[in-house]
Amino acid sequence: MSDSGQLSEFDIIARYFADIDGGTTVGTTVDTTAGQSAVTLGVGDDCALLSLPPGQQLALSIDTLVSGRHFPENANPYQLAERALAVSISDLAAMGATPLAFTLALTLPAVDTQWLDGFSRGLRAAAQAYKLPLMGGDTTQGPLSLTVQVHGSVSAQTALKRSAAKPGDAIFVSGTIGDAAVALAMIQGRLTVDQAQQNFLNQRFYQPSARLDIGQGLLGLANAAIDISDGLLADLAHIAKASQLAAVVNVDQLPLSSVIKAVVEKPQALAYALSGGDDYELCFTAPPENRALIKTLGQQLGVPITEVGTMLAGSGVSCIDASGGDVSVDASGYQHFNHSE
Ligand SMILES: Nc1ncnc2c1ncn2[C@@H]1O[C@H](COP(=O)(O)OP(=O)(O)O)[C@@H](O)[C@H]1O
Ligand SMILES: Cc1ncc(C[n+]2csc(CCOP(=O)(O)OP(=O)(O)O)c2C)c(N)n1
Ligand SMILES: [Mg+2]
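Owing to the predicted nature of the structure, the values given are computational and were not obtained by experimental measurement.

*Asks:* Break down the overall build of the protein for me, citing the residues and quoting the values.
*Replies:* Along its length, the protein carries ten helices and 15 strands. For 341 residues, the compact-globule estimate of 2.2 N^0.38 gives 20 Å, and the C-alpha radius of gyration of the protein, at 20 Å, lies within 12% of that figure. In terms of its C-alpha atoms, the protein occupies a principal-axis envelope of roughly 65 × 50 × 35 Å. Across the 341 residues of the protein, 50% fall into the buried class. When contacts within the protein are restricted to residue pairs at least 6 apart in sequence, those whose partners lie at least 24 apart make up 83%. As displayed, the protein offers around 15400 Å² of accessible surface, 50% of which is attributable to carbon and sulfur atoms. Positive and negative charge centroids in the protein, built from 17 and 33 side chains respectively, lie 6 Å apart.

*Asks:* So what's going on with helix H10 (residues 291–301)? Residues and values would help.
*Replies:* The set of residues buried in H10 consists of Ile 294, Leu 297 and Gly 298. What you see down the axis of H10 is that its buried residues fit within an arc of 95 degrees, all on one side. For H10, the exposed residues lying more than 90 degrees away from the buried face are Ala 292, Leu 293, Lys 295, Gln 299 and Gln 300. Close packing links the buried residues of H10 with strand S9 (170–174), helix H6 (212–217), strand S12 (282–286) and strand S13 (305–312). Looking one or two residues past H10, Gly 302 carries a phi angle of roughly 70 degrees, positive in sign.

*Asks:* Quick rundown of the state of the cysteines? Include the residues and the values.
*Replies:* Counted under the stated rule, the structure contains zero disulfides. The thiol of Cys 319 is unpaired, and the distance to the nearest cysteine sulfur, on Cys 283, comes to 12 Å.

*Asks:* Break down the site of ligand 1 for me, citing the residues and quoting the values.
*Replies:* Lining the immediate environment of ligand 1, one finds Asp 63, Asp 91, Arg 162 and Ser 229. Within the side chain of Asp 91, an N or O atom sits 2.9 Å from an oxygen atom of ligand 1. Here Arg 162 contributes a side-chain N or O atom positioned 3.0 Å from an oxygen atom of ligand 1.

*Asks:* Lay out the packing of aromatic side chains with the relevant residues and their values.
*Replies:* For the coordinates displayed, the defined rule picks out five aromatic pairs. With a centroid separation of 6.1 Å and 70 degrees between ring planes, the pair formed by Phe 17 and Phe 119 is classed as edge-to-face. Of the two residues, Phe 17 sits in helix H1 (residues 9–17) while Phe 119 sits in helix H3 (residues 113–130), which places them 102 residues apart along the sequence. The exposure class assigned to Phe 17 is buried, which follows from its relative accessible area of 5%. Looking at Phe 119, the relative accessible area reads 0%, which means it is buried. With 4.9 Å between their ring centres and 10 degrees between their planes, Trp 115 and Phe 119 make a pair best called stacked. Placement of both Trp 115 and Phe 119 in helix H3 is noted, with a separation of four residues, approximately one turn of the helix. Its relative accessible area of 10% is what places Trp 115 among the buried residues. Ring-pair connections join several aromatic residues into one group, and the members of that group are Tyr 16, Phe 17, Trp 115 and Phe 119. The ring of Phe 205 has Arg 83 lying over it, and the distance from NZ or CZ to the ring centre is 4.3 Å.

*Asks:* Now, about helix H4 (residues 179–187): what can you tell me, with residues and values included?
*Replies:* The element H4 is extensively covered by neighbouring structure, given that seven of its nine residues are classed as buried. Every buried residue belonging to H4 is among Asp 179, Ala 180, Ala 181, Val 182, Ala 183, Ala 185 and Met 186, and all of these are buried. Considering only its buried residues, H4 is in contact with helix H5 (195–206), helix H8 (258–263) and helix H9 (266–275). After H4 finishes, the residue Gly 189 shows a positive phi value of roughly 80 degrees.

*Asks:* Could you give an account of the packing of H4 against H5, with specific residues and numbers?
*Replies:* The contact between H4 and H5 brings their axes to 8 Å, and the two run at 115 degrees. Between H4 and H5, the angle is such that the two are roughly perpendicular. When the axes of H4 and H5 are compared, the crossing they make is left-handed. Residues Asp 179, Ala 180, Val 182, Ala 183, Leu 184, Met 186 and Ile 187 of H4 pack against Gln 198, Phe 200, Leu 201, Asn 202, Arg 204, Phe 205 and Tyr 206 of H5. Residue composition of the contact of H4 with H5, grouped by class: ten nonpolar, two polar and two charged.

Criteria and thresholds
Residues numbered from 1 in each chain as written. Chains lettered and ligands numbered in written order. Predicted model: local features only at pLDDT ≥ 70, side-chain atom pairs only at ≥ 80, totals over all residues. Heavy atoms only, no water. Helix = DSSP H or I, 4+ residues; strand = E, 2+ residues; numbered from the N terminus. Rg over C-alpha atoms; globule rule 2.2 N^0.38 Å. Buried < 20%, exposed > 50% of the residue type's maximum accessible area, 1.4 Å probe, protein only. Contact = heavy atoms within 4.5 Å. Areas by Shrake-Rupley, 256 points an atom, 1.4 Å probe, with all protein chains shown as cover. Lys, Arg positive; Asp, Glu negative; His and termini not counted. Charge placed at Lys NZ, Arg CZ, Asp CG, Glu CD. Arc of directions from axis to C-beta. Disulfide = S-S within 2.5 Å. Near = heavy atom within 4 Å. Polar contact = N/O pair within 3.5 Å; in protein donor to acceptor, adjacent residues only side chain to side chain. Phe/Tyr/Trp six-rings, centres within 6.5 Å; stacked < 30°, edge-to-face > 60°. Lys NZ or Arg CZ within 6 Å of the ring centre and 35° of its normal. Axes fitted to C-alpha atoms, helices over the stretch in contact; angles between N-to-C directions. Parallel < 35°, antiparallel > 145°, perpendicular 65-115°, else oblique. Left-handed = near helix turned anticlockwise from the far one by under 90°. Nonpolar A, V, L, I, M, F, W, Y, C, P; charged D, E, K, R; others polar.

Now the structure itself:
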């Protein structure tokens, strides 16, 4: 890292993080659809202040990304900022919440103005794309890590809780899954691909799309939802456990990209899709009679939504294939503190 050696903690905040407003403006009411900011006091005081739209509850989620654990140590700072924001906003999407603002806790090994410049520009672009302002944070020295806390609003009655799946619900997945895990294999030099495939995979790892519009569109249509961070089976297991149900996934229905199908054999593609993680697509359950409306929602938003299984009485997650036969897979997904290295 190049070291300017000149900037203090407060200089860094003022130069790179003080005015990331996500394109919102301060208004007299909180109407995020009109681009009005919910932040009534932002960066610079002991606390930030946030107003909630009337009748809504605050939806909060926080995620940390640690260098070498969640992203390669030499990751491009612009892309890293985009990824950090999307990863956290994805949890709002999985509740059907509307984002209001975010906070950022940044731990940096040293003051590297080139890195900070790229990171700040990436963060500004992502904040603008998701229309949410940076309302505060913390800046410290130490091993590189990024923590983004997102604040959103949602009605408690309609929020897509993990515990609300019903027996007989169909299970759906947005987009395609497994791409980010293949991307990581490529980034780490375990897989060689052509230039177009490389571009696609890099985008799937560094620029996941938080599926906010799908989550909000599912309010009233879906019962339960989760975003896929640890792997489809591991995350679906959270819905199954919280809802006291079993989940059965048909592996022949999984939405796989043309790239994953081209660069790895089918069993490997299925393993990535089921247990790879880092996809940040939504997995949700809904009454089968809402199928047509859900399909239309996907078409309207230009994102495929694929039915992949069923919630049943019982417990646990299992897999079948198109012939109905049992498929044995490792469903553990990504778990911290559970590595061989
Ligand atoms: N250190 C902690 N203290 C309190 N709650 C935690 C802590 N770590 C995780 N949680 C909570 O446990 C649940 C599962 O966490 P996690 O698997 O990280 O969820 P997600 O995949 O949505 O990020 C969440 O409700 C989260 O808020
Ligand atoms: C360098 C690197 N190695 C491995 C991975 C794979 N990986 C790390 S954490 C993780 C799961 C998601 O992270 P977690 O902190 O569990 O997020 P949460 O479930 O809380 O959203 C995955 C798939 C990665 N993204 N980057
Ligand atoms: Mg988390």
